[in-house]
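# Residue-level structure breakdown
One-letter residues, chain by chain:
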Amino acid sequence: MEIIAIILLILLVGSILSFLINRVNKNFTGVTAFLVALASGVVFFTKVQSGYQFNFQLAGLDLQWGLTDYSYYFAYIIFGLSVLALLYSIKYMEGKARLGYYYASFLMTILGMLGVVVSQDFVSLFIFWEIMTWASFLLVIYNSYYKIKTKGIKYMIFSAIGAYAMLTAIVFIRVHYDTLLISEAIAKGAFNFEQYIYIPIFLLLGFGIKAAVMPFHVWAPSAYSKSPMPFTTIFSGAMSKMGIFGIGLVFTTFYLSNDPENFYWVRTILGWLGGITAVMGTIYALIQTDAKKLLAYSSVAQLGYIVVGLSTGTELGVMAALYLAVIHAVFKGALFMVAGAVEKQVGTTDMTKISGLIRKMPWTFFVALVSIIALAGVPPLGGFVGKWLLYEALITESNNYILVVVVFFSSTAAFMYSYRFLFGLFLGQEEKETEHIKEAPVTMIIPMVILAVIAMIAGSYPGLIFEPAAKAMEAIGFQNVSWQMSSLTNIWGDTTDLFLISMMIFAVFIIAFIFLTLKGLKKTRYVGTKDISTSGELPKEWENLTFQIDFFKPFERAAAPLYSMNMNKIWKNLGKNLEAFFGFFRKLYTGNGQTYALFVVIFLVVLLLFKDVIFS
């Protein structure tokens with residue numbers, strides 16, 4: 001049996017085994033799932049090399065599995081995050097119900113994602129895409145098992161739209177190009193907008209929905225925030241990258257096969273969709289009071305940056321997108337783990353109810369701080385390198401200065417919600433309700449710290465990511481990619497020499513740590529946010545007067561017109577209108593045989609009257 005099939009079989013058997021073991025001993029369920037994912041990853045990276053290919057037939061169809069440098073690049077994200085998230089899950093999910101259901105679905109999602117990147121034909125791609133979608137749906141509704149309609153239906157509706165769009169494109173590719181192999185379809189120009197424009201549009205629609213591109217992003221905030229936190233790490237960090245994987249494959253292949261000047265409108269539309277996604281995701285993140293919802297909207301915004309990079313179609317822009325895909329997986333995975341640690345220890349992630357956890361959860365705070373710095377694009381961490389490349393690509397290669405302003409606005413505004421996240425959970429006033437709180441378990445701390453360290457290393461040694469990213473770009477059509485193409489890397493080579501800046505930031509942390517430690521040794525009376533009087537009136541016990549309640553109220557008032565453009569309302573109204581439209585046609589089905597016979601007669605008359613037009 002071929003090695004790829006063996007790895008997929010390990011994940012499948014591991015999924016079934018996790019479900020069965022939970023019925024025998026719940027304590028071993030999480031460990032089993034973790035070991036299965038770890039074993040699969042080890043076998044994959046030690047036994048499978050880029051260039052591997054496996055051809056076989058199924059139901060008379062020629063199918064192909066294999067690995068290019070492009071798919072191998074995304075496999076790093078899948079296995080890297082999945083193994084850490086499952087290690088994190090062991091303690092986080094301890095004591096929860098339906099653990100077999102949870103871990104089985106988790107491993108099936110990993111199987112689906114891996115299948116997507118190893119598929120070299122459209123049939124396999126679609127099958128694994130559906131496995132990934134259905135398995136993830138089961139985890140979206142995990143915390144609200146009996147409220148599927150209100151919690152999971154939106155995710156499935158948009159997933160179905162994307163799946164049907166992809167299936168339609170696949171059928172057209174088979175009809176027009178007589179192939180189901182991705183490489184042959186590319187060679188025959190299937191992704192070209194000149195001949196059959198609907199094929200790349202349908203594919204980009206399917207991939208764009210999974211990447212939460214506006215206006216199809218509305219499923220993402222609720223799905224990310226309602227899923228179990230360990231899985232949200234995968235949902236935001238890895239599974240969203242399957243959409244990026246597809247967009248990059250379709251768009252850059254199309255771009256490189258045509259004269260870029262003749263298809264300016266395609267780049268412009270995709271770029272502005274990404275820019276609007278970045279801005280609106282950021283603006284909605286600012287007004288969230290729940291840390292999970294804040295991170296969910298932030299994820300949508302960060303995916304917008306990646307789409308903008310892909311839209312350029314240039315070496316520097318695509319390099320920025322691929323670099324940001326990894327960095328986003330790292331720091332956003334860490335941040336969701338931070339929110340999960342707070343939820344596990346405190347019981348909530350509502351930033352109006354908890355604060356001042358820095359002394360209670362110092363390791364969690366450290367990870368949050370490092371990840372927030374990476375998210376905000378501050379040197380010397382990896383987020384700075386990615387955003388620098390993106391700005392440089394837009395200015396020097398695309399001459400899209402207006403889009404630069406849009407992306408820069410989103411990036412700058414991200415500082416605001418980053419501060420809210422840090423202050424809301426860790427830097428605010430300590431409360432009596434959190435006096436008993438302790439640090440998260442070690443198996444939750446280790447994955448978070450690993451991701452934080454990766455974010456730091458990636459900023460100083462970006463070549464560790466640039467090199468495989470360059471190979472990935474060559475696999476989709478770029479020629480002789482030099483990852484030292486940026487002014488950033490040309491000046492500093494394969495490392496960003498930010499030693500002085502790093503030492504200054506480190507010194508600030510040390511000084512802050514010493515200050516907080518000494519302050520904690522003193523017998524200081526901590527005054528809670530409710531222990532005050534207002535104009536001689538003593539607030540009630542339940543009245544929270546901390547300014548976290550209206551953290552950015554002035555900005556919220558200024559941006560009120562933008563908040564009024566709620567895409568959820570637009571989609572709901574569209575759904576209601578469609579329901580009314582189809583409700584009218586349902587009235588035609590009376591159950592009366594004579595009525596149906598009349599319909600048949602009318603249909604035949606129409607065919608006879610317009611036969612020359614219809615069958616010409």
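Refer to the structure printed above.
Residues numbered from 1 in each chain as written. Predicted model: local features only at pLDDT ≥ 70, side-chain atom pairs only at ≥ 80, totals over all residues. Heavy atoms only, no water.

### Comments concerning the overall build of the protein
Scanning the protein for helices and strands turns up 26 helices and 2 strands. Here the protein displays about 27,600 Å² of accessible surface, and carbon together with sulfur accounts for 67% of that area. (Helix = DSSP H or I, 4+ residues; strand = E, 2+ residues; numbered from the N terminus. Areas by Shrake-Rupley, 256 points an atom, 1.4 Å probe, with all protein chains shown as cover.)

### Some words on the packing of helix 11 (residues 229-256) against helix 13 (residues 291-312)
Orientation of helix 11 relative to helix 13, taken along the N-to-C sense of each, is 15°, at an axis distance of 10 Å. By the angle class used here, helix 11 and helix 13 are roughly parallel. By crossing handedness, the relation of helix 11 to helix 13 is classed as right-handed. Counting all contacts with helix 11, which are made through Met-229, Ser-236, Ser-240, Lys-241, Ile-244, Ile-247, Gly-248, Phe-251 and Tyr-255, the residues of helix 13 involved are Lys-292, Ser-299, Leu-303, Ile-306, Val-307, Leu-310, Ser-311 and Thr-312. (Axes fitted to C-alpha atoms, helices over the stretch in contact; angles between N-to-C directions. Parallel < 35°, antiparallel > 145°, perpendicular 65-115°, else oblique. Left-handed = near helix turned anticlockwise from the far one by under 90°. Contact = heavy atoms within 4.5 Å.)

### Points about the pairing of strand 2 (residues 61-66)
Examined bridge by bridge, strand 1 (residues 53-58) and strand 2 share 6 bridges and lie antiparallel to one another. Considered in strand 2, the bridge of Asn-55 is made with Gln-64. Counted along the chain from strand 1 to the antiparallel partner strand 2, the turn is 2 residues long, and its residue Ala-59 has a positive phi close to 55°. (Pairing = 2+ DSSP bridges.)

### Overview of the nonpolar core
Counting residues in each nonpolar core, the largest one holds 197 residues, and the members touching the most others are Phe-44, Phe-74, Trp-219, Phe-421 and Phe-426. In terms of residue count, the dominant contributor to this core is helix 14 (residues 315-346) (22 residues). Not counting the four nearest positions on each side in its chain, Phe-74 is found in contact with Val-117, Lys-241, Met-242, Ile-244, Phe-245 and Leu-322. (Core = buried A, V, L, I, M, F, W, Y, C linked by side-chain atoms within 4.5 Å. Buried < 20%, exposed > 50% of the residue type's maximum accessible area, 1.4 Å probe, protein only.)

### Here we look at the pattern of salt bridges
Pairs can form between side chains of opposite charge once their charged atoms are near each other. For the structure shown, the criterion picks out 3 salt bridges. In this structure, the salt-bridge partner of Glu-94 is Lys-91, at a minimum N-O distance of 3.3 Å. Look at Lys-91 and you get partly exposed, because its relative accessible area is 30%. Close ionic contact of Arg-174 with Asp-178 constitutes a salt bridge, the shortest N to O distance being 3.9 Å. Note on Arg-174: relative accessible area 37%, which makes it partly exposed. A relative accessible area of 58% means that Asp-178 is categorised as exposed. (Salt bridge = Lys/Arg side-chain N within 4 Å of Asp/Glu carboxyl O.)

### Considerations on unusual backbone geometry
Residue Met-214 is joined to Pro-215 through a cis peptide bond whose omega torsion reads 0°. With respect to the element layout, Pro-215 can be found in the loop between helix 9 (198-210) and helix 10 (219-226). For Arg-98, which is not a glycine, the phi torsion comes out positive at approximately 55°. Looking at where Arg-98 falls in the secondary structure, it is placed in the loop between helix 3 (69-92) and helix 4 (99-118). The backbone phi angle of Ala-212 is positive, close to 60°, even though this residue is not glycine. Positionally, Ala-212 belongs in the loop between helix 9 and helix 10.

### Concerning the packing of aromatic side chains
A complete count under the given rule lists 34 aromatic pairs for this structure. Taking 5.1 Å as the distance between ring centres and 40° as the angle between the ring planes, the aromatic pair formed by Tyr-323 and Phe-466 counts as tilted. Of this pair, Tyr-323 sits in helix 14 while Phe-466 sits in helix 19 (residues 463-475), placing them 143 residues apart in sequence. Looking at Tyr-323, the relative accessible area reads 0%, which means it is buried. Exposure remark for Phe-466: the relative accessible area of 1% places this residue in the buried category. Ring pairs connect the aromatic residues Tyr-101, Tyr-102, Tyr-103, Phe-106, Tyr-142, Tyr-155, Tyr-224, Phe-231 and Phe-235, which therefore count as one cluster. Over the ring of Tyr-101 we find Arg-98, and its NZ or CZ is 5.5 Å from the ring centre. (Phe/Tyr/Trp six-rings, centres within 6.5 Å; stacked < 30°, edge-to-face > 60°. Lys NZ or Arg CZ within 6 Å of the ring centre and 35° of its normal.)

### Here's the deal with the environment of Ala-285
Assignment of secondary structure puts Ala-285 in helix 12 (residues 264-286). Placed 132 residues apart in sequence, Ala-285 and Tyr-417 show a C-alpha to C-alpha distance of 6.5 Å.

### With respect to the side chain of Ser-311
Position of Ser-311 relative to the elements: it lies in helix 13. In this structure Ser-311 comes out as buried when scored by relative accessible area, which is 4%. Not counting residues within four places of it along the chain, the set of residues in contact with Ser-311 comprises Phe-251, Arg-267, Leu-270 and Gly-271.

### With respect to helix 7 (residues 153-177)
Here helix 7 contains 25 residues, and its C-alpha end-to-end distance of 35 Å stays within 8% of the 36 Å for a straight helix at 1.5 Å per residue. Along helix 7, the residues that are buried comprise Tyr-155, Met-156, Phe-158, Ser-159, Gly-162, Ala-163, Ala-165, Met-166, Ala-169, Ile-170, Ile-173 and Tyr-177. Just downstream of helix 7 lies Asp-178, where phi reads positive at about 55°. (Expected span 1.5 Å × (residues − 1).)

### Remarks on the side chain of Thr-277
Checked against the element boundaries, Thr-277 lands in helix 12. Apart from the residues lying within four places of it in its own chain, the contact partners of Thr-277 are Ala-212, Val-213, Met-214, Val-300, Ala-301 and Gly-304.

### Here's the deal with a nonpolar patch on the surface
A cluster of nonpolar side chains, Tyr-596, Leu-598, Phe-599, Val-601, Ile-602, Val-605, Val-606, Leu-609 and Phe-610, forms an exposed patch at the surface whose accessible area comes to about 800 Å². Position of Tyr-596 relative to the elements: it lies in helix 25 (residues 593-609). Residue Tyr-596 is classed as partly exposed on the basis of its relative accessible area, which comes to 31%. (Patch = residues over 30% accessible without salt bridge, like charges linked within 9 Å, V, L, I, M, F, W, Y side chains within 5 Å.)

### Re the packing of helix 13 against helix 16 (residues 382-397)
In contact at an axis separation of 10 Å, helix 13 and helix 16 are set at 40° when each is read in the N-to-C sense. By the criterion of interaxial angle, the relationship of helix 13 to helix 16 is oblique. Considering how the two elements wind past one another, helix 13 and helix 16 form a crossing that is left-handed. Two secondary-structure elements touch here, helix 13 through Tyr-305, Val-308, Gly-309 and Thr-312 and helix 16 through Lys-387, Leu-390 and Leu-394. Broken down by class, the residue content of the contact of helix 13 with helix 16 amounts to 4 nonpolar, 2 polar and 1 charged. (Nonpolar A, V, L, I, M, F, W, Y, C, P; charged D, E, K, R; others polar.)

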